[in-house]
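Coordinates in review
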Amino acid sequence: MSLNDVITLNVGGVMLTTKRETLTKYPESKLAKMFDAESPVLSSLPMQKDGSFFIDRDPETFKIILNYLRSGRLNSQISKMVREDLKIEAQYFGLKDLEQRIDDLMVKFNVLGNIREVDR
């Protein structure tokens, strides 16, 4: 197994495909521990008959997480409700950097109003 392995996830019934490298970008996170090739957690993940790994979380919010892991950017045009859901998911997956970005975005949005994007 390598970082270039392509992994298919079934997140709440929606199929998503990414690389192991993306999921393990933050080694301290729950996602990294779930998909690190050396982790005992990987063997305990529920694998579907089609070879995908099932994650019982909201697929729309998880898509935002994947995009953040890929690009290091968080689009500020997401609604307050989505930001709140995203923060819950960031906490669940132990993505402290994303959690901080959301907090920063909320503060900047409250202070400045219309911000396009918070860069990494």
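Heads up: these notes are all about the structure in this document. (Residues numbered from 1 in each chain as written. Predicted model: local features only at pLDDT ≥ 70, side-chain atom pairs only at ≥ 80, totals over all residues. Heavy atoms only, no water.)

Here we come to the environment of Pro-27. Examined against the element boundaries, Pro-27 turns out to sit in the loop between helix 1 (20-23) and helix 2 (30-35). You can call Pro-27 exposed: its relative accessible area is 60%. Between the C-alpha atom of Pro-27 and that of Gly-94, which follows or precedes it by 67 residues, the distance is 9.8 Å. (Helix = DSSP H or I, 4+ residues; strand = E, 2+ residues; numbered from the N terminus. Buried < 20%, exposed > 50% of the residue type's maximum accessible area, 1.4 Å probe, protein only.)

Ranked by internal contacts, the top residues of the largest apolar core, which has 28 residues, are Leu-9, Leu-31, Phe-35, Phe-62, Leu-95 and Leu-98. With 5 residues, helix 4 (residues 59-71) is the single largest residue contributor to this core. When residues no more than four places from it in sequence are discounted, the contact partners of Leu-31 are Leu-23, Phe-62, Ile-65, Leu-69, Phe-93 and Leu-95. (Core = buried A, V, L, I, M, F, W, Y, C linked by side-chain atoms within 4.5 Å. Contact = heavy atoms within 4.5 Å.)

What follows deals with the packing of aromatic side chains. In the structure shown here, the tally under the stated rule is 3 aromatic pairs. Relative to Phe-53, the ring of Phe-35 has its centre 5.5 Å away and its plane inclined at 85°; by these criteria the two rings are edge-to-face. Of this pair, Phe-35 sits in helix 2 while Phe-53 sits in strand 3 (residues 53-55), placing them 18 residues apart in sequence. One exposure class covers both Phe-35 and Phe-53, and it is buried. (Phe/Tyr/Trp six-rings, centres within 6.5 Å; stacked < 30°, edge-to-face > 60°.)

As a further point, take helix 4. Here helix 4 contains 13 residues, and its C-alpha end-to-end distance of 18 Å stays within 8% of the 18 Å for a straight helix at 1.5 Å per residue. Where helix 4 is concerned, the buried positions are Pro-59, Thr-61, Phe-62, Ile-65, Leu-66, Tyr-68 and Leu-69. Two residues or fewer after helix 4 comes Gly-72, characterised by a positive phi angle close to 75°. (Expected span 1.5 Å × (residues − 1).)

For the rest of this paragraph, the subject is the sheet that holds strand 3. Read from one edge to the other, the open sheet built from 3 strands follows the order 2-1-3, with strand pairing classed as mixed. In this open sheet, the two edge strands, each paired with only one partner strand, are strand 2 (14-19) and strand 3. In this sheet, adjacent strand axes meet at a mean angle of 35° when their direction is disregarded. Judged from the 3 bridges that link them, strand 1 (residues 6-11) and strand 3 form a sheet pairing that is parallel. Residue pairing across strands places Leu-9 opposite Phe-53, the latter belonging to strand 3. Of the strands in this sheet, strand 1, strand 2 and strand 3 are in contact with helix 4, which crosses strand 2 at around 10°. (Pairing = 2+ DSSP bridges. Axes fitted to C-alpha atoms, helices over the stretch in contact; angles between N-to-C directions.)

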